[in-house]
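Here's the letter readout for the chains.
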Amino acid sequence: MPSGVAFPPVFHRSQERQGKSATSGKRSIFAQEIAAKRASETSVPPVREVSTLDPPDGAASCEALTPREQGSCWGSRGFQGPHLVTGKGLGSKNAEQEAQTIHEENIAKLHAMTPEEILQEQQRLLAQLDPSLVAFLRSPSHTHEQAGEKTTEEQRPGGHSVEVTGEEPIVPTFASEPRQEDDLDPGAPAVALPVTPHKEWVHMDTVELEKLHWTQDLPPLRKKRTQERMQARFNLQGELLAPDVDLPTHLGLHHHGEEAERAGYSLQELFHLTRSQVSQQRALALHVLAQVIGRAQAGEFGDRLVGSVLRLLLDAGFLFLLRFSLDDRVDGVIAAAVQALRALLVAPGDEELLDSTFSWYHGALVFPLMPSQEDEDDEDEDEEPPAEKVKRKSPEQGNRPPSDLARHDVIKGLLATNLLPRLRYLLEVTCPAPSVVLDILAVLIRLARHSLESATRVLECPRLIETVVREFLPTSWSPMGAGPAPSLHRVPCAAAMKLLRVLASAGRNIATRLLSSFDLRSRLSRFLAEAPQEMALPPEEAEALNSEAFRLWAVAASYGQGADLYRELYPVLMRALQAVPEELSTQPARPLSMQRIASLLTLLAQLTLATSSTAPEPSSDSAGASVSATPSSITWTQVSGLQPLVEPCLRQTLKLLPRPEMWQALGPVPTACLLFLDAHYQAWSQQPSLCPGDWLQDMERLSESLLLPLLRTPTLGSLWDSLGSCSPLCNPQFCVRAPEALPSLVSLGSTGGHLSLSLAGSASPFPFLTALLCLFNTLARIHKGLCDQLAAILATPGLQNYFLQCLAPMAAPHLTPFSAWALRHEYHLQYLALILAQKAVTVQPDLAINTALHHSMVLALLSRLLPGSEHLAHELLLSCVFRLEFLPERASGGLEAADFSDRLSFGNSKDSGCGRGALLAQACHDLPSIRSCYLTHCSLARASLLASQASYRGELQRVPSLLLPVPKESLLPTDWPFLPLIHLYHQAADTSLGLPPADTIGTALQALQWVLVLESWRPQALWAVPPAARLARLMCVFLVDSELFRETPVQHLVAALLARLCQPQVLLDLKLDCPLPGLASFPDLYASFLEHFEAVSYGDHLFGALVLLPLQRRFSVTLRLALFGEHVGALRALGLPLTQLPVSLECYTEPPEDNLALLQLYFRALVTGALCPRWCPVLYAVAVAHVNSFIFSQDPKSSEEVKAARRSLLQKTWLLADEGLRQHLLHYKFPNSALPEGFELYPQLPPLRQQYLQRLTSGMLENGVSKA
């Protein structure tokens, strides 16, 4: 039965029993205590337990007395002896007597003082003491301590006995601290404790109630909603708990001090727990943090949290906490730390996404998962030679602490902490559990995906790869049962094979070292020789291991390596290929099996391409010389028999196209089949010893029996129709950055990246259609006769609608790691479709359709291509951008329409021989030279271009790596049509360089011609370039030198472009106060422009028109002040007639000028004659209009300074000696550019102005000021 007490009674040896040990005889101490206990029970009545505590005698009465009465109370009962002065410090024998004497003197002195004097003395003492000491003495804890000491003394022999209860003891207070009456109520409720403390309990002789508060019931949970931010709390599974959730205490979620009523633990409390001395607590905290990170990266928290969990953890030093935990001695803590490290580094879904798209068109090439924004020092060093950069950065990188590195790049910071040797030790020595091994391999894969440098460090870590190959890729192992494996050591692991594949993808050198130094050939043979179902492994693990072996071999074959294995494993490959139709017919299709089949087909495609690849040319100046690669040992005869086995597989998969569920279950298998056929015909056509008629005849057979019937199926049209809904370019929400994405820790996580209707989704048409277009391009390039039949795919309505959506004005997706990956695959489809259109328009230009749409797509794609696609950009510039057939306006009345549009806008003032139509016709004639100009000025980095060409052309021996460059920005800027002009401007600014005049004129002419073509026929290609940026680029033509702008062709082209820029709909978007791409400050550029105009213009009207355009009233007053304040001499050269002004004169005169300094400069220029209608008619009319408006304005809100300046200018105007200027300033009416002066005049002043002028002049005459 329950006893009602927390602990069983404990016997104590009393002092009396210890003193009478002689009479106890030979009985034991335990027996003596039992006898004493029985005797006390019979003679002493039981102690009565009470829940409240009565105050000691005199305590309550003292509280209610006056200070005088309190003094007597102190003398009689309250102070029978000294409490503070005990005399222990005195060395004499009568120390206690001395202390008593001092005490009596103090009492007598207190009796002699009035209550007011006592209070005054008390205040003086309190003022002299330290405030912190006073606060401590008054604190409840000090009061409790004094009460406990008093209780202890009273319980000693000779003292008053007091019963111990759960209520706080009430002690008397000083007179200066009156207590509330409710505090003195003896019936006040006691602190509710689950049990009542007993004095017999160990160490409970002094009860400290504040330390027992944790035993009380939890405070009530707040149910009401509040606007205040509350601390996030998580359960042991990492789930975010609602602030008002009420959970039972037995779940273990209330063991914390802050907000004790709320369940769950905060991140701060979990951090504190990771430093516990108890290993189980450390492991639990790390496990919970790993769960929190995993759920945060999966987006489970959404907008319920303010801020980023990962950012908060990294700023708090979580990265190095994990690194310290890896050095723990307890296996459980190490396992939890490795789990948390994987959760932090490996984003959910990244590896699955990259694995599922490995067999896409160039799917093995990926961007490195490293930050794209380097620090400023790195950006400043970009222009240095690579060798110098390495020499200068090596010591600097070595001196940077890991915390500094981790702030910019988490992976670099981790590698700087010797993480790799520790992981190697864990794998090699500790032999952790299977889950820990998989976590470590996942972390190593993530490190290898970071960059070539990180992959090299993983490869070169002592004994790391040897341990992985020896322990997790053995050639012999014990058969595994169906249950979970107790250990992964000495058992093949697919993750280990994947690690080697990712390392090999980082570079040709690494792949060569892996194949030659770690005996991977024998292991590939071992794991591919047996079918997955024959391996002594779990079925899923065997499928994954077989797939990764195929992928590793395919990566090696991408460099032209591993071809010697083909002869050894030819029977194995034939057997696997012959089993594909049977596996495809199995329903439902198994995803792992489909991935394995696609990996097999990808390997066969790479091996087929190896038969046509040429050996690399020797390069002596290469900074990173790779290991010399031998020519491929595979011949065409050895691979020519693969196509009859793959084509039936393709036909079998295409039969499932009308059934969407079964078609989506095939995964990348149809794509891999098409890409193999593309590689087959590409390699076949490059065999010089074979008859061309054989492959041409086979291509005709394939197109007639398979491809052309496929084009006529309605289900293929539905794939084209779904392009727009799955396009990341048309749906930027697919590329939204994940909530937990950090610049220092790159991942492919995206909020919409894994939807079924997205580029990476199961229903995406992009991989299949891209592979189909790739095959069509290869067939059309080899067999010109099939071009017109295959080009019928371009007339599909779904493709045309998709192109129109891509050209619609919309915000481009923000460049994130996922968007760069997804857009690269989307641009592949666009490029292949446009190249096929180019082939079709070249073969039969008369039958070409939608050429203008295709040309617009070419221009849009060229400005969007990302690093790694240098070959695509070069091919577009070479074959599509400047192709005359893509400009149908040339032959369909576009030239005449341009002239007619100009006549409607500007009248018949222009010469028909230099009209826009004639300029466009000349530009079309000069397209070959224009193309040469842009190929020179839009040239890409040679090393990157060669690597890209080798990859896209299938020149395997020249492929340096399957890692693409970091996608910081597009290959070409959005204003690439102006690049030649920008280069001319920079070359002119550098006095050490310079081009011959002929080259300068030719480059400027060709650039201006192409810009005019785009402005006239492809205006959407320049939508991304603001009108202000276009104006700045035109101004560069005049800043190149002093003669270029005088050339007649240049004058005509600039005038035509300026007219396009001054159209009303374009002029509204001309904003000179906004930041412009490639320009630090437009006012600085305009100041240079004015200086150059003043020096070399000699009154050139076109130059003057460009000077006048930024002086419109709606633009910044800084530009007008620069002309009238610093470059007044330029006014004499601004002789542009009012009739040739490209914009309306009202743009300069409305609204009235309100800048007082500029108005005074206007007036000064007019009075001094610097501004005269004879040599500057436009600005003369503008200055007169603004001065007239100012001197006659009657704004009552004007300041006194403005009013005084207005009266002064009007007085000076009235006193002008120049009657013509005086007449213009006083009688100005409104602007009229048809008149010689540019404005109309009042015949006589309006009555209001006349009266105002008379009042002012009469005041002047009264003050003695005469007109003379």
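Worth saying up front: this structure is predicted, and the values here are computed from it rather than measured.

Cut-offs applied
- Counting restarts for each chain: residues are numbered from 1 in the order of the written sequence.
- At least 70 in pLDDT is required for a residue's local features to be given in this predicted model, at least 80 for side-chain atom pairs to be given and counted, and no such filter applies to totals for whole chains, interfaces and linings, which use all residues.
- Calculated side-chain values reflect all of the structure's heavy atoms, with hydrogen atoms and water omitted.
- Patches here are clusters of residues that have more than 30% relative accessible area and form no salt bridge, with a 9 Å joining cutoff for like charges and a 5 Å cutoff for nonpolar side chains (Val, Leu, Ile, Met, Phe, Trp, Tyr).
- To be clear on the numbers: accessible area is Shrake-Rupley with a 1.4 Å probe, and residue cover counts the displayed protein chains and nothing else.
- Counted as salt bridges are all cases of a side-chain nitrogen of Lys or Arg within 4 Å of a carboxyl oxygen of Asp or Glu.
- In this scheme, a residue with accessible area under 20% of its type's maximum is buried, one over 50% is exposed, and one in between is partly exposed, where area comes from a 1.4 Å probe on protein chains only.
- Two rings belonging to Phe, Tyr or Trp (six-membered ring only in the last case) form a pair when the distance between their centres is within 6.5 Å. Interplanar angles under 30 degrees mark stacking, angles over 60 mark edge-to-face geometry, and anything in between is tilted.
- For helices the rule is a DSSP run of H or I covering at least 4 residues; for strands it is a run of E covering at least 2, with both sets numbered from the N terminus onward.
- We count a charge as sitting over a ring when the NZ of a lysine or the CZ of an arginine lies within 6 Å of the ring centre and within 35 degrees of the ring normal.
- UniProt positions are given in the numbering used here, feature names are shortened, and annotations may be inferred rather than shown by experiment.
- Only buried Ala, Val, Leu, Ile, Met, Phe, Trp, Tyr and Cys residues count toward a nonpolar core, and they belong to the same one when joined by side-chain atoms within 4.5 Å.
- A contact between two residues is defined here by any heavy atoms of the two lying within 4.5 Å.
- Expected helix span is computed as 1.5 Å times (number of residues minus one).

A. A look at a nonpolar patch on the surface. Taken together, the side chains of L129, L133, F136 and L137 make up a nonpolar region of the molecular surface, amounting to roughly 330 Å² of accessible area. The partly exposed category is assigned to F136, whose relative accessible area is 41%.

B. Representation of the packing of aromatic side chains. Evaluated as defined, the whole model comprises 25 aromatic pairs. Aromatic side chains W636 and W684 sit 6.0 Å apart centroid to centroid with 25° between the ring planes, which places their arrangement in the stacked category. Pair noted here: W636 is in helix α31 (residues 636-639) and W684 is in helix α34 (residues 669-684), with a separation of 48 residues, a long-range link. W684 gets classed as buried once you look at its relative accessible area, which sits at 13%. Ring geometry for F1038 and F1045: centres 5.5 Å apart, planes at 35°, overall tilted. On the basis of relative accessibility, which here comes to 1%, the residue F1038 falls in the buried class. Linked through ring pairs, F1038, F1045, F1089, F1093 and F1103 together constitute an aromatic cluster. In this structure, R1206 is placed above the aromatic ring of F1190, and the distance from its NZ or CZ to the ring centre is 5.4 Å. Across from the ring centre of W1214, 4.2 Å away, lies the NZ or CZ of R1222, which sits over that ring.

C. Region of interest: the UniProt feature "domain: RPAP1 N-terminal" (unreviewed entry) in the chain. Under the present numbering, the feature "domain: RPAP1 N-terminal" (unreviewed entry) in UniProt falls on residues 100-139. Regarding residues 100-139, the helix share stands at 88% and the strand share at 0%, and the terminal C-alpha atoms are separated by 29 Å.

D. Region of interest: the nonpolar core. Among the nonpolar cores identified, the biggest contains 368 residues, and W976 and W1010 are the most heavily contacted of them. Per-element accounting of this core gives the leading share, 16 residues, to helix α41 (residues 817-843). Sequence-distant contacts of W976, defined by excluding residues within four places in its chain, comprise L859, L862, S863, L877, V881, F882, Y934, C938 and W1010.

E. Representation of helix α58 (residues 1177-1191) in the model. The end-to-end C-alpha distance of α58 is 21 Å, a good match for the 21 Å that 15 residues give at a rise of 1.5 Å each. Taken across its 15 residues, α58 has 14 buried, putting it largely inside the fold.

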